[in-house]
Amino acid sequence: MIQKETEAPTENPLQRFLRRQDTLMLDGGLATALESRGCDLNDPLWSAKVLIEAPDLIRQVHLDFLQAGADCIATSSYQASLPGFHRRGLDEAAGAELLALSVQLAVAAREEFWEGPANRRGRQRPLVAASIGPYAAFLADGSEYTGRYQATDQELYDFHLSRWRILAESEADVLACETIPVGREAEVLLRLLRETSRSWAWFSFCCRDHLHLSDGTRLVDAVAACENEPRVVAVGINCTAPEFIPSLIHEAKAATQKPVLVYPNSGERYEAVTKTWHSSPSSLGWEGASRDWVRAGASGVGGCCRVGPDRIADIRRWVVD
């Protein structure tokens, strides 16, 4: 169990941001941007592999998204975990250092960006979100999209605990519990949040259609579980086909007064065996779609897999600037 802290909580970072700007511009797919810089991510660690091999590339990609207009950048810790690093042959201390490094790289990119006077015009100081992927990310078998994996609640808690402790004590402004495909895993993460009194987190779900998480849990029920948790700053939908987003926003808004964040993937289909994307991107026009998402009640908009800095720059022009 995490030792509860007794100091007074800080202000909700998203609430502070949204008081001055109606829509938070999220970043896009970190792995997508790394691949565009020549990284081979066909690896169980996925983008976390680059933390070991070429960490400065991650800092550069964070800068790319900030320069494209992102108000919040997510760290490269989505698929990083102590069990995953142990499987690679690293001990616990080395794995912990890499998790801490994922936040340090994002913070360094944010500070470098914010030092430029031109970058401050019409902008607030960007946020850093420490990404916490589901147990499925450790499995590296694409089960984010099915929710079919066997782990007890206690096994899920034990898996998440070590990474949670490290990221909760970091300089990140908020924890991003994202691509959650299983309703009961969200409950486990909420338990961890309750045990960490000074942390803020958003909870974002991976959905298989216009109503359900990957495992069949109704989105409205998953969101309702977050509604009365004071340390949950927002709920969201990510790594989900763009066509489902309008209905999912409606579902989420029916169960919460919290901000709703949406950052869908490109609409392509992921092949878990080859770790490649297939079919064509969604034919949905992102300009009209992103505006519609905001009109439907989204307070934050961005992208996930296969959405790079260029698309983020476009979305910012359409819905923020």
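Structural data are supplied above this passage.
None of these values were measured; they are calculated from a predicted model.

Rules and cut-offs
Residues numbered from 1 in each chain as written. Predicted model: local features only at pLDDT ≥ 70, side-chain atom pairs only at ≥ 80, totals over all residues. Heavy atoms only, no water. Salt bridge = Lys/Arg side-chain N within 4 Å of Asp/Glu carboxyl O. Helix = DSSP H or I, 4+ residues; strand = E, 2+ residues; numbered from the N terminus. Buried < 20%, exposed > 50% of the residue type's maximum accessible area, 1.4 Å probe, protein only. Pairing = 2+ DSSP bridges. Right-handed = clockwise from strand over helix to strand, strands pointing away. Contact = heavy atoms within 4.5 Å. Axes fitted to C-alpha atoms, helices over the stretch in contact; angles between N-to-C directions.

Draft legend 1. Molecular detail of the pattern of salt bridges. Considering all chains together, one arrives at 20 salt bridges under this definition. The salt bridge involving Arg194 is made with Glu229; its shortest N-O contact spans 2.8 Å. Taken as a pair, Arg194 in helix H9 (residues 183-194) and Glu229 in the loop between helix H10 (219-227) and strand S6 (232-238) lie far apart in primary sequence, 35 residues in all. Arg291 is the partner of Glu287 in a salt bridge, and the nearest nitrogen-oxygen pair spans 3.1 Å.

Draft legend 2. Highlighting the environment of Glu169. On the secondary structure map, Glu169 appears in the loop between helix H8 (153-168) and strand S4 (174-180). Along the sequence, Glu169 and Arg198 sit 29 residues apart, while their C-alpha atoms lie 9.1 Å from each other.

Draft legend 3. Representation of the pairing of strand S7 (residues 260-263) in the model. The alternating pattern of S7 places Val260 and Val262 and Leu261 and Tyr263 on opposite faces, both of which are buried. Relative to S7, S6 runs parallel, the two being bridged by 4 bridges. Paired with Ile237 across the bridge in S7 is Val262. As for the winding sense of the linkage, the β-α-β connection from S6 through helix H11 (residues 245-253) to S7 is right-handed.

Draft legend 4. Representation of the sheet that holds strand S1 (residues 24-25) within the structure. The strand order across the open sheet formed by 8 strands is S1-S10-S7-S6-S5-S4-S3-S2, and the pairing between neighbours is parallel. Two strands close off the open sheet at either side, each with one partner strand: S1 and strand S2 (72-74). In the packing of H8 onto the sheet, the strands contacted are strand S3 (127-132) and S4, and the crossing angle to S3 comes to about 170°. H10 rests against strand S5 (201-205) and S6 of the sheet, and its axis sits at about 170° to S5.

Draft legend 5. Quick look at the pairing of S3. Burial analysis of S3 places 6 of its 6 residues in the buried class, which makes it a mostly covered element. Side chains of S3 alternate between two faces, with Leu127, Ala129 and Ser131 and Val128, Ala130 and Ile132 buried alike. Across 3 bridges, the pairing between S2 and S3 is parallel. Its bridge partner lying in S3, Cys72 is registered against Leu127. The pairing of S3 with S4 spans 4 bridges and is parallel. Residue Ile132 lies in a different strand from S4, and its bridge partner there is Cys177.

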